[in-house]
Amino acid sequence: MAVLCPCLGENVSLHAYSPGDIIIGGLFPIHGEINRSTVSGQLSCSGYDIQMFLRTQVMIHAIREINQRTPRVLPNFTIGYDIYDTCGDITLAIRATLQLLRRQSEPQSCLVPTRFQSALTEPETKAVIGEYSSEGSIAVARVFALSSVTQIGYAATSQLLSRKLKFPTFLRTIPSDEHQTKAITELVTKFNWKSVAIVASDDEYGKYGSEKLDDLLSKTKDICNEFIFVLPGNFSQNNSHNHTCLADLMSKINESSAEAVILFTKESNAAVIVEAAIERSLNRTWIATDTWSTSMKVSALPGIEMAGEVFGFVSKRNEVPGFKDYVMSMFNGTTNGLLEDYLIHFPLCSDQSEENGESNCSLTNNQTAKQCLDPSSLANYIDQDISYNIYLAVQVIAEGLRSLLKCDNHHCEHSTEFTAQELFMEIKKVNFTVNKTHIFFDFNGDPRLGYDILYWNKTESKQHTQIETIGEYLPSGQVKVPDDLVRNMCSVTVSSFGEECKRCGAKQYSSPQRERCLEKTVQFLHWAEPFVIILSALGLFGITVTIVFAVLFTVYRGTPVVKAVGGYLCLLELFSLLACFCLSFSFAGRPTDGSCMVGLPLFGIAFSLCISCILANLLQILVGFSFQLNKRSWVKRLHQPAAVVIIVTGIQLALCVPWLCLYPPHAHEEIFRESILKQCEKGSYKFFIAMLSYNALLALICFLFAFKGKQLPDLYNNARLVSISMLLFLIVWVFFIPIYISLIGRYKSAIESAAILISSYSILGCHLAPKCYIMVFRKELNNESAITEYIRKHYEQKGVAVVSRAKS
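Residues numbered from 1 in each chain as written. Predicted model: local features only at pLDDT ≥ 70, side-chain atom pairs only at ≥ 80, totals over all residues. Heavy atoms only, no water.

## Concerning the sheet that holds strand E13 (residues 310-315)
Our working definition: Any two strands between which DSSP finds at least two bridges are classified as paired. Numbering of helices and strands starts at the N terminus; helices are DSSP runs of H or I of at least 4 residues and strands are runs of E of at least 2. Contacts are assigned to residue pairs with any non-hydrogen atoms lying within 4.5 Å of each other. To obtain an axis, a line is fitted to C-alpha atoms, over the contacting stretch when the element is a helix, and the angle between two such axes runs from 0 to 180 degrees between their N-to-C directions.
An order of E10-E9-E11-E12-E13-E16-E17-E18 is seen for the 8 strands of this open sheet, with the pairing classed as mixed. With one partner strand each, in any of the chains shown, strand E10 (224-231) and strand E18 (479-480) form the two edges of the open sheet. Sheet analysis places strand E12 (residues 286-288) next to E13, joined by 3 bridges and oriented parallel. If you follow Ile287 over to E13, its bridge partner there is Phe311. Together, strand E9 (195-201), strand E11 (260-264), E12, E13, strand E16 (451-457), strand E17 (466-473) and E18 form the strand contacts of helix H4 (residues 177-190), whose direction differs from that of E11 by roughly 175°. Along the sheet, helix H6 (residues 240-255) contacts E9, E10, E11 and E12; its crossing angle with E10, the most-contacted strand, is approximately 170°.

Laid out in structure tokens, this is it:
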């Protein structure tokens, strides 16, 4: 039996509940508006929607059919339902969601328990169908995800809901707006229209849909989007601000040369706009999105033919099996709370002729006067799109349950003691056919069902507007419409008082008012930018310090400290660092093919040379101290510093030379809506990753060798300093890669330059600078006797006898 939910406030929200072994929730805006009293704070719902009431009965009918089907879908188990009227309000939708997530075994529990624990209790409601709008679905999806409850949308089409990181348990039986915008673009292209206008609502549905549509239209060769008009959030309300907004919109449409006006908004907004178009006899071509393409409210407006032609898109339509007969029989004598409330508002008509019954198929929203409605007229309110999506949602849940419980036609292997997460994992894997409709979900939780293309036939021979299917949009991206219709639409011309819409050039964009073309801003890393100035200063300082260090190492080339860091190898190391500092300047300024080629590839070679010198030096230390006598002879013969440098650097050359020859980095333009970004294209990301990976491997090997060498006698802390410099290099590039991949814009080049500078400074500052300090300020350490004394003390501390050379 259905009751008014006391937790949601008296007379606020309708609620229907039927017990079962498994409960499916439902969220439907049976009332379209909510009224908030500023005095008492009470809420009340108005604007009863008969079509939405029938959609709740589709869900109940589908569950009833599954429970009674022979052979049984779920032997020994029954499905129950828990359905709420959200009144089209997000606040009530969230409160109803919290009510669904409570444990049904606690009937006194209302919303979230007072003693709320971090670990949520497992709800009895394992799956929910709804909410209707995209905005409402987005709000409740975040709540359902907390308990991993499957949410299946039947009308919410916002592309935002396809983002699984934000809405992990949301699925839907209606295509997303990504496909609808593609379908609209293909139809406009098919009809060879050169200019269109977009009217969108200021909500998730309208904003994301219109932006995607505008982006797709801008990528076509010769379709001009004359303007985008965003409606206020409360546009359907009757106030002076909305009247002014409507007048501005009608003026823009009247003065435009757009061959079609696309209304990407909800039904109530579309009704206001079309009614105004009828009053002004605009006679335009309108494209209706799925929210109002089958609207009986809009199509039944008096004088609708004065507004012009209407084409529309709706998800693939089909009849819900047996539902029309179910309604005509007044629901087979069944009862539920929503039906009882409906009969209070609209009791059955008695002794009514067929003619009178036909005239009584249109209802008003007068809530005070009771109106009767014949069952045959009630059946006229059954739609074949949203209702069928609801039917599919119930079938999907049943198929998921059948798979989870391991059911055949006679029994189920598992019990109903399962979690909502387990059911979700099975539901998202369903792949089956229902009444010739093949349903499965892709990675984003979206189906591949396509659209029907509709036309509103308003000929005089028809008493009412007939919404006819004239074509289809296939999931493959193909539009199918009659050829004669295409020929007729291609010959249509539009009379207007405004200028003809012209498409801006490839390097131009339309002004916000769409009255002129503006030049796109060319973006690259300018030399005068503060960040570039700082990087350039660091690069010049690095070059200066490197040259000074080279002079010092040359002057003191025969001293122990220079020999300790490899002798002539340190000069080769300084040369490679000098090259790295110079290459950091190649990332600023307007990119050219030459500057792009010398950037990262040459840095990879230069830095490999630098690390190979350090590696050769570390091998010298290890050979001198750590190996056993019987091994020293062959290791010493194997180790040749020059050979190590040539082989290690040669491998990097073998990677970078083919990169430069076969897939060289080059200057590239990336065109955005209002700007043109000039940057370097890598040519081949495989070679780029291989270059970085090889340098990272060398750094890791050096780090391991240096870490091993920390236990050896080392007066100048060479091994410890190498460990720090290699660790810094690895940390810099580990952080660089994700930042580089995610960053978009001209500062991408600056990040590359910064990474090269930090890598170079890590070696210059940690490995070489301390040696220069000893050469200049601690000369007493830069002699052989200091080293010999340090080694003797090192081994004496370890208990190893040391033979000292006698003084002469």
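After presenting the structure, the write-up continues.
## Some remarks on the state of the cysteines
Rules: The disulfide definition used here is simple: a pair of cysteine sulfur atoms within 2.5 Å. Accessible area is worked out with a 1.4 Å probe on protein chains only. A residue is then buried under 20% of its type maximum, exposed over 50%, and partly exposed in between.
Applying the stated criterion across every chain yields a total of 3 disulfides. In this model Cys45 forms its disulfide with Cys87; the gap between the sulfur atoms is 1.9 Å. The chirality of the disulfide connecting Cys45 with Cys87 is right-handed, given an S-S dihedral of about 100°. Of this pair, Cys45 sits in strand E4 (residues 43-48) while Cys87 is found in the loop between strand E5 (79-85) and helix H2 (90-101), placing the two residues 42 residues apart along the sequence. A single burial state applies to Cys45 and to Cys87, both of which are buried. Put simply, Cys407 and Cys412 are joined by a disulfide, and their sulfur atoms are 1.9 Å apart. Around the S-S axis, the bridge from Cys407 to Cys412 shows a dihedral of about 105° and counts as right-handed. Both residues of the pair, Cys407 and Cys412, count as buried.

## A closer look at the environment of Ser162
Just so we agree on the cut-off: Throughout this description, a polar contact denotes any pair of N or O atoms lying within 3.5 Å of each other; where both atoms belong to protein, one of them has to be capable of donating a hydrogen while the other can accept it, and for residues adjacent in sequence the pair is counted only when both atoms sit in side chains.
As for its position among the elements, Ser162 is in the loop between strand E7 (150-153) and strand E8 (170-172). By relative accessible area, Ser162 is classed as buried at 8%. Setting aside its immediate chain neighbours within four residues, Ser162 contacts Arg172, Ser176, Asn444 and Asp446. Within the structure, the side chain of Ser162 is placed 2.7 Å from the side chain of Arg172, a separation counted as a polar contact. Of the polar contacts made by the side chain of Ser162, one reaches the side chain of Asp446; its length is 2.7 Å.

## Remarks on the pattern of salt bridges
Our working definition: Basic side-chain nitrogens of Lys or Arg form a salt bridge, by our definition, when they fall within 4 Å of a carboxyl oxygen of Asp or Glu.
Considering all chains together, one arrives at 13 salt bridges under this definition. One salt bridge in this structure joins Glu178 and Lys182, with 3.7 Å as the shortest N-O distance. Linking Glu178 with Lys182, this pair stays in helix H4, spanning 4 residues, or about one helical turn. You can call Lys182 partly exposed: its relative accessible area is 31%. A salt bridge links Glu529 to Arg746, with the nearest nitrogen and oxygen atoms 3.0 Å apart. You can see Glu529 sitting in the loop between strand E21 (521-523) and helix H16 (530-555) and its partner Arg746 sitting in the loop between helix H24 (718-742) and helix H25 (747-777), a full 217 residues away along the chain. With a relative accessible area of 10%, Glu529 lands in the buried category. Here the salt bridges do not stand alone but share partners, grouping Lys316, Asp452 and Glu472 into one network.

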